[in-house]
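# Structural overview for review
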Amino acid sequence: MTNTKFPQFPEFRPRRLRQNKNIRDLVHESSLNASDLIWPLFICEGKGVKDPITMMPGVFRYSLDVALKEIEAAANLGIKFMALFPCIPNEDKTADCSIAWDPENLANRALKLIKQEIPEVSLILDVALDPYNLHGHDGIVVDDEIVNDLSIDALARQALVHAQCGADILAPSDMMDGRISKIRKTLDANNFSKTMILSYSAKYASAFYEGFRDALGSGQLIIKDKKSYQMDYRNSDEALRMVQRDIHEGADMVMIKPGLVYLDIIQRVKDNFNIPILSYQVSGEYAMIKGAIDSNLLSSDQIIFETLQAFKRAGCCGILTYFAPYVAKSLQG
């Protein structure tokens, strides 16, 4: 807050700037547009599949043929960024996660197909091992320990293959130490210096992820928990250290996850670093809002727009949200 001294009432009447929609739209401080939205999609094997996700009403797993139609419709609404998350059959998951860097795995086939059919959209690929891991973790498990250095070698291999298959942005979400530097150096050494890195720099060990893990089919596989590598939700200063580290290692953008209950972290990162910030309105946040709407406890337009505007007000330039198509359609109207 500046030291500006405002006159007192009755000379100072701030309600003058709120009296009608035209003036409110003129002086508003933050905007929400379709270009701010990133739509997370869950993809699966098969044809003609639109499989509802129990813990996330209104969200589905799509086979690639159906996903193409959904992505095209979203692009027509003005959504230009899609984040793909593959649901891998359990029988294909292994302890070494080697399918993660198979050029013909589900995510990479989706990349190539979407880039061929809908080249105008930009694709974000998660770089983490949990979809492919027999143990459900974001890193490789050895003797009940999630090992760091072996994991980042695997993540760099995964990231390179995603880049080769057409990913525009790579989003390491694993929270292993040193993975941004390893991935950046691997990409640059293989002539992918233009491929961007969106680092999940402050990803908290949160109870809000259950629906996402259900969608991926990894939740029931997890040994212990992810608290040895995801951040402690009691910490705030640590988030600044993680962001600073990832910028130093070569991140182009940073992610704060979850979103709504971590707006203070978004604001602190915005105040301290001159770098694009994104956040994720995660599955648990979505489920609470959607459940309240479906139960007629809250107004859909008001609550969805108000929560997304909070991300923008806190400092985000982009938001991953399962509400993206609904919001983009509302904005057109």
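As a starting point, this report considers the structure included with it. Along each chain, the written sequence defines residue order, and numbers are assigned to residues from 1. Where local features are concerned, this predicted model is filtered to residues with pLDDT of at least 70; where side-chain atom pairs are given and counted, the filter is 80 or more; whole-chain, interface and lining totals use all residues. Hydrogens and waters are ignored; side-chain quantities use all the structure's heavy atoms.

What follows deals with the state of the cysteines. Think of a disulfide as a covalent bridge from one cysteine sulfur atom to another cysteine sulfur atom. Note on terminology: pairs of cysteine sulfur atoms within 2.5 Å are recorded as disulfides. Counted according to the given criterion, the structure contains zero disulfides. Just so you know, Cys316 is unpaired, no disulfide at all, and the nearest cysteine sulfur is the one on Cys317, 7.1 Å from it.

What follows is about the nonpolar core. Among the buried residues, those of types Ala, Val, Leu, Ile, Met, Phe, Trp, Tyr and Cys that are joined through side-chain atoms within 4.5 Å form a nonpolar core. Using a 1.4 Å probe on the protein chains alone, a residue whose accessible area is under 20% of its type maximum counts as buried, one over 50% counts as exposed, and one in between counts as partly exposed. Counting 110 residues, the largest nonpolar core has Phe42, Met82, Val269 and Tyr280 as its most contacted members. Contact between two residues is taken to exist if any of their heavy atoms lie within 4.5 Å; hydrogens are not considered. Leave out the neighbours within four places in its chain, and Phe42 touches Ile53, Met56, Val59, Phe60, Arg61, Tyr62, Phe85, Phe212, Ala215, Leu216 and Tyr322.

Under the pairing criterion, centres of Phe, Tyr and Trp rings, with the six-membered ring standing for Trp, must be within 6.5 Å; the plane angle then separates stacked pairs below 30 degrees from edge-to-face pairs above 60, leaving the rest tilted. Overall, the coordinates contain 10 aromatic pairs when judged by the stated rule. A centroid spacing of 5.1 Å and a plane angle of 85° characterise the contact between Phe85 and Phe212, whose relative ring orientation is edge-to-face. Within this pair, whereas Phe85 is found in strand β4 (residues 81–86), its partner Phe212 is found in helix α6 (residues 210–216), the two being separated by 127 residues in sequence. Comparing Phe85 with Phe212, the two get one shared label, buried. One aromatic cluster in this structure is built from Phe42, Phe85, Phe212, Tyr280, Tyr286, Tyr322 and Phe323. Note on criteria: charge over ring means Lys NZ or Arg CZ within 6 Å of the ring centre, with the direction from the centre no more than 35 degrees off the ring normal. Sitting over the face of the ring of Phe212, Lys257 holds its NZ or CZ atom 4.9 Å from the ring centroid. Under the DSSP-based scheme used, a helix requires at least four consecutive residues in state H or I and a strand at least two consecutive residues in state E, with every element numbered from the N terminus.

Residues are said to line a cavity or pocket when one of their atoms sits within 4 Å of a point; the points come from a 1 Å grid over protein atoms alone, cavities being sets where a 1.4 Å probe fits but cannot get out and pockets being open sets with protein on both sides within 12 Å along at least five of seven lines. Grid points are joined across faces, edges and corners, and a volume is the space filled by probe spheres set on the points. As a volume, the largest pocket reaches approximately 620 Å³. Taken together, 15 residues make up the lining of the largest pocket; nearest its centre are Asp25, His28, Ser30, Ser31 and Gln309. Mapped onto the lining of the largest pocket, the elements with two or more residues apiece are α1 (21–27) and α10 (300–314). Considering every element that reaches the lining of the largest pocket, the biggest residue donor is α10, with six residues. Residue polarity is assigned by list, with Asp, Glu, Lys and Arg as charged and Ala, Val, Leu, Ile, Met, Phe, Trp, Tyr, Cys and Pro as nonpolar; anything else, Gly included, falls into the polar class. Across the lining of the largest pocket, the residue classes tally to two nonpolar, six polar and seven charged. As a volume, the second largest pocket reaches approximately 350 Å³.

Only one rule defines a salt bridge in this text: a Lys or Arg side-chain nitrogen within 4 Å of an Asp or Glu carboxyl oxygen. Under the defined criterion, the tally for this structure stands at 20 salt bridges. We note a salt bridge from Asp237 to Arg268, for which the minimum N-O separation is 2.8 Å. With Asp237 in helix α7 (residues 237–249) and Arg268 in helix α8 (residues 263–272), this pair connects stretches of sequence that are 31 residues apart. For Asp237, a relative accessible area of 48% puts it in the partly exposed group. Judged by relative accessible area, Arg268 falls into the partly exposed class, the value being 29%.

Bringing the packing of α10 against helix α11 (residues 324–332) into the picture now. Interhelical geometry of α10 versus α11 gives an angle of 105° and a closest axis separation of 11 Å. Accordingly, the angle class assigned to the pair α10 and α11 is roughly perpendicular. Judged by residue contacts, Ser300, Asp301, Ile304, Phe305 and Leu308 of α10 engage Tyr326, Val327, Ser330 and Leu331 from α11. Considered class by class, the residues forming the contact of α10 with α11 number six nonpolar, two polar and one charged. To obtain an axis, a line is fitted to C-alpha atoms, over the contacting stretch when the element is a helix, and the angle between two such axes runs from 0 to 180 degrees between their N-to-C directions. By definition in this entry, angles of less than 35 degrees are roughly parallel, angles greater than 145 are roughly antiparallel, angles of 65 to 115 are roughly perpendicular, and the rest are oblique.

Along the chain, Arg61 turns up in strand β3 (residues 60–63). Any N or O atom pair separated by 3.5 Å or less is treated as a polar contact, with the protein-specific requirement of one donor-capable and one acceptor-capable atom, and with residues adjacent in sequence counted only for side-chain atom pairs. Among the polar contacts listed, one links the side chain of Arg61 to the side chain of Asp51, at a separation of 2.7 Å. Residue contacts for Arg61: discarding those within four places in its chain leaves Phe42, Cys44, Val49, Lys50, Asp51, Pro52, Ile53, Cys87, Asp214 and Ala215.

Quick look at unusual backbone geometry now. Following Phe9, the chain continues into Pro10 via a peptide bond in cis, with omega recorded as 10°. Inspection of the secondary structure assignment puts Pro10 in the segment before α1. With an omega of -5°, the peptide bond running from Lys257 to Pro258 counts as cis. Here Pro258 shows up in the loop between β10 (253–257) and α8. Positioned with a positive phi, Asp143 is a non-glycine residue whose angle comes to about 50°. Relative to the assigned elements, Asp143 resides in the loop between β6 (141–142) and β7 (145–146). Phi is positive for Asn191, which is not a glycine, with a value near 65°. Within the secondary structure, Asn191 sits in the loop between α5 (179–189) and β9 (196–203).

Everything listed here is a matter of coordinates, which is why it stays silent on function.
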